[in-house]
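The chain contents come next:
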Amino acid sequence: MSPSSFYADAVLFDMDGTLTDSIAAVEAAWGKVAQDIGQDPAYVIAATHGKRAIDNLAAFKPSIKAHEMDSEVNDFEETILYYADAYNTHGPGSFANTPVDSPLGSGYSTPALSAGSSAPSSRAPSMVQSRRPSFASRLFNMLSMTAPPPELEEAIAEEDEDEGERALRRHAFEAWQLEAQSVDRSVRILPGVKRVMDSIPAGRYAVATSGAKTYAHGCMTRVGITPPSVTITADDKRLKAGKPAPDPFLLAAKCLGFPAERCVVFEDSPSGIRAGVASGATVIAVCTSHERAKIEGCGAHYIVRDMEQVRVEWDEEGGRLKFELDL
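Residues numbered from 1 in each chain as written. Predicted model: local features only at pLDDT ≥ 70, side-chain atom pairs only at ≥ 80, totals over all residues. Heavy atoms only, no water.

Labelled according to an unreviewed UniProt entry, the protein chain appears under the name HAD-like domain-containing protein, originating from Roridomyces roridus.

K.L.:
Explain the packing of aromatic side chains residue by residue, including any values.
P.N.:
Tallying each qualifying case throughout the model produces seven aromatic pairs. Here Phe13 and Phe266 contribute two aromatic rings whose centre-to-centre distance is 5.4 Å and whose plane-to-plane angle is 20°, an arrangement assigned as stacked. Pair noted here: Phe13 is in strand S2 (residues 10-13) and Phe266 is in strand S7 (residues 263-267), with a separation of 253 residues, a long-range link. Across this residue pair, the class does not change: Phe13 and Phe266 are buried. An aromatic cluster is present here, built from Phe6, Tyr302 and Phe323 joined pairwise through their rings. (Phe/Tyr/Trp six-rings, centres within 6.5 Å; stacked < 30°, edge-to-face > 60°. Helix = DSSP H or I, 4+ residues; strand = E, 2+ residues; numbered from the N terminus. Buried < 20%, exposed > 50% of the residue type's maximum accessible area, 1.4 Å probe, protein only.)

K.L.:
Can you tell me about the confidence of the model for the protein chain, naming the residues and giving the values?
P.N.:
With 73% of its residues at a pLDDT of 70 or more, the protein chain shows a mean pLDDT of 80. With pLDDT under 50 throughout, residues 92-148 is counted as low confidence; its partners more than four residues away or in other chains account for 96 contacts. (pLDDT = per-residue confidence, 0-100. Contact = heavy atoms within 4.5 Å.)

K.L.:
Talk me through the pattern of salt bridges; I want residue IDs and the actual numbers.
P.N.:
A full pass over the atoms with the stated rule returns 17 salt bridges. Across the pair Lys194 and Asp198 runs a salt bridge whose closest N-O atoms are separated by 2.8 Å. Of this pair, Lys194 and Asp198 both sit in helix H8 (residues 193-198), four residues apart, which is roughly one turn of the helix. According to the relative accessible area criterion, Lys194 is exposed, its value standing at 55%. The class of Asp198 is exposed, set by a relative accessible area of 54%. (Salt bridge = Lys/Arg side-chain N within 4 Å of Asp/Glu carboxyl O.)

K.L.:
Lay out helix H1 (residues 23-37) with the relevant residues and their values.
P.N.:
A rise of 1.5 Å per residue sets the reference length of H1, with its 15 residues, at 21 Å; its end C-alpha atoms lie 21 Å apart and thus fit the reference within 8%. If you check which residues of H1 are buried, you get Ala25, Val26, Ala28, Ala29, Trp30, Gly31, Lys32, Val33 and Ala34. Positioned one or two residues after H1, Gly38 has a phi angle of 75°, which is positive. (Expected span 1.5 Å × (residues − 1).)

K.L.:
Help me get a handle on the packing of H1 against helix H2 (residues 41-48), residues and values and all.
P.N.:
Running from N to C, H1 and H2 cross one another at 125°; their axes reach a closest spacing of 8 Å. Regarding the angle of H1 to H2, the classification is oblique. In the crossing of H1 with H2, the sense of the turn from one axis to the other is right-handed. Mapping the contact onto sequence places Glu27, Trp30, Gly31 and Ala34 in H1 and Pro41, Val44, Ile45 and Thr48 in H2. For the contact of H1 with H2, the per-class residue count stands at five nonpolar, two polar and one charged. (Axes fitted to C-alpha atoms, helices over the stretch in contact; angles between N-to-C directions. Parallel < 35°, antiparallel > 145°, perpendicular 65-115°, else oblique. Left-handed = near helix turned anticlockwise from the far one by under 90°. Nonpolar A, V, L, I, M, F, W, Y, C, P; charged D, E, K, R; others polar.)

K.L.:
How would you explain the nonpolar core if you had to name every residue and give the values?
P.N.:
In this structure, Phe13, Trp30, Phe266 and Phe323 are the most contacted members of the largest nonpolar core, which totals 53 residues. In this view, Phe266 contacts Val11, Leu12, Phe13, Asp14, Thr18, Ile284, Met307, Val310 and Phe323; residues no more than four positions away in its chain are not counted. (Core = buried A, V, L, I, M, F, W, Y, C linked by side-chain atoms within 4.5 Å.)

K.L.:
Tell me about the environment of Gly257, and name the residues and values.
P.N.:
Considering the arrangement of structural elements, one finds Gly257 in the loop between helix H10 (247-256) and S7. Each C-alpha atom, one on Gly257 and one on Arg204, is 9.2 Å from the other, the two residues being 53 residues apart in sequence.

K.L.:
Explain the sheet that holds S2 to me, using residue names and the numbers behind them.
P.N.:
Consider a sheet: its strands pair through backbone hydrogen bonds, and that pairing is either parallel or antiparallel. Overall, parallel pairing links the six strands, which are arranged S6-S5-S2-S7-S8-S9 in an open sheet. Edge strands, defined here as strands with exactly one partner in the open sheet, are strand S6 (231-232) and strand S9 (302-304). Two strands pair when backbone bridges link them, and S2 and strand S5 (residues 205-208) are joined in this way by three bridges, in the parallel orientation. Bridging across to S5, Leu12 finds its partner in Ala206. Where helix H11 (residues 270-279) meets the sheet, it contacts S7 and strand S8 (282-286), and its direction lies at approximately 165° from that of S8. (Pairing = 2+ DSSP bridges.)

K.L.:
Which residues make up the pairing of S2, and what values go with them?
P.N.:
Alternating residues of S2 divide into Ala10 and Leu12 and Val11 and Phe13, and every residue in both groups is buried. One ladder, built from four bridges, connects S2 with S7; its direction is parallel. Within S7, the position partnered with Ala10 by the bridge is Cys263.

K.L.:
Quick one: what's the story with the pairing of S8, residue by residue and with numbers?
P.N.:
The element S8 is largely enclosed, with a buried count of four among its five residues. The pairing of S7 with S8 spans four bridges and is classified as parallel. Across the sheet, residue Glu267 finds its bridge partner in S8, namely Ala285. Sheet topology places S8 next to S9; three bridges connect them, and they run parallel. Residue Val286 lies in a different strand from S9, and its bridge partner there is Val304.

Structure below.
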């Protein structure tokens, strides 16, 4: 491999697929959306990668009203984080000895499992309002209330009288546990990321992501990355458009105080690479979520396997960042 070196003033990082890997959780969440709308999960997953949830939800769920969109995006991104945490948080234990602070006592509903699916159809606490609440959902949600309503006594009586409902609730919960234990969708930091980020002085790098604040901050903190002071998320009201438009990178560069033309963008997705190129920045594409052949035609100035092939040093004399790539 031959090294290539150049200088820049600042770095603009994409997040998922570039700094973090939450692809399993993201795909599970979009797969759930696909099931809800009756479309092929593979198609929906491919069409949504690297784009803002607000744009994707508007495209695939046009019935969402404008005033409902912020809440829908937040709920969707909490779903991603729920999938990411389910394996480690909810795997152990059983229905019989579920502690008070478990999902059962916190307003979680038992997710509906689709036949043949390897991913649990689940939602975080703020997203347990299904279109057709099951008996278990109604009972669990009522149990989470401070003052039990009259309906609670009726529900308990109904359960006591119907052993079939009780068995169904138990089996559904146990099935959910087994699914959560069997699929690890934890967020992970990608190779070389910590070393590269630690090499850059504060105020010289930003994150510009297609994720909204809930998801972006949730992913980064889960892998030990402190979100930088300039973190541009999809729900930033200053943005007129998301990737592949250059707006997120242009705003990030402006907030750092440097022209985008003097910045380096790290990206993994075709839409993000195109956004970086359109901003005028030098774009380094990483092959962490797509095969090289799928991103070669997107205009990146350099393509590397991952950040293990990147070295960044602070040039004290020149007051700039020096980049060396093993190509």
